[in-house]
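What follows is each chain in one-letter form.
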Amino acid sequence: MEIFDLAERTNTDPKGRVRRVEEYRLAPFGLFMARPVVGHPTLAYFESWLLPEPGLRVTRQWWHPGAERDYDFYVDVVDIVAGQDRWRTVDHYLDLLVRTGRDVELLDVDELLAAVAAGLLPVAEGRDALEAAYRAVSGIAAHDYRLERWLATLGIRLTWRRAPSQ
């Protein structure tokens, strides 16, 4: 579980580490968060949108020079509980790498299936996670591998602090 405390401007990761958040921004369709990643050897900064309706967390990551990755968006399939001052997510193991205009890759299906088999995730939640992931993959592919075009068809218009590198 990850906690997003808007009043305190903190983000508590699943391991219990509390970090300062530079910006939280509410929109009718979700919550935006931006914060630096202090002390990480490759990751410098990231921006995320928590999107309850499609059950996704869309992240843009900023890497230290020489550590760049070959994708534009990292998408987690998550369960999101939105509150007045606190939001909570539970990661459902599945991730997508979106390479704008090129492809989308679904990762960690084996982790999801192992979690369901071990009883760590109820079967119904596992099914819902797979359905959310495949809806996202289909939607992104149908919009020329442009995540933001697909999300716009759902009434979701993402804005970012930093301009894309493309």
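Model, not experiment: these values are computed from the prediction.

### A short note on the packing of aromatic side chains
Here comes step 1: Overall, the coordinates contain five aromatic pairs when judged by the stated rule.
Here comes step 2: With 6.3 Å between their ring centres and 70° between their planes, Phe32 and Trp160 make a pair best called edge-to-face. Linking Phe32 in strand E5 (residues 30-36) with Trp160 in the segment after helix H3 (147-153), this pair joins segments that are 128 residues apart in sequence.
Here comes step 3: On the accessibility criterion, Phe32 (0% relative accessible area) is buried.
Here comes step 4: Ring plane angle 50° and centroid distance 6.1 Å describe the contact between Tyr71 and Tyr74, whose orientation is recorded as tilted. For the pair Tyr71 and Tyr74, one class covers both residues: buried.
Here comes step 5: One aromatic cluster is present, built from ring pairs that chain together Phe29, Phe32, Trp49, Phe73 and Trp160.
Here comes step 6: One residue, Arg25, lies across the ring of Phe32, its end atom 4.2 Å from the ring centre.
Here comes step 7: Over the face of the ring belonging to Trp63 we find Arg69, whose NZ or CZ atom lies 4.3 Å from the ring centre.

Cut-offs applied
Per chain, the residues get numbers from 1 upward, laid out in the order the sequence is written. Residue-level local features of this predicted model are given only where pLDDT is at least 70; pairs of side-chain atoms are given and counted only at 80 or more, and the full residue set underlies all totals for whole chains, interfaces and linings. Side-chain metrics rest on all non-hydrogen atoms present in the structure, leaving aside hydrogens and water. In summary, the pairing rule links any two rings of Phe, Tyr or Trp, Trp by its six-membered ring, whose centres are within 6.5 Å, and it sorts them by plane angle into stacked for under 30 degrees, edge-to-face for over 60 and tilted for everything else. Under the DSSP-based scheme used, a helix requires at least four consecutive residues in state H or I and a strand at least two consecutive residues in state E, with every element numbered from the N terminus. Only protein chains enter the calculation, and the probe is 1.4 Å; a residue is then buried if its accessible area is under 20% of its type maximum, exposed if over 50%, and partly exposed in between. We count a charge as sitting over a ring when the NZ of a lysine or the CZ of an arginine lies within 6 Å of the ring centre and within 35 degrees of the ring normal.

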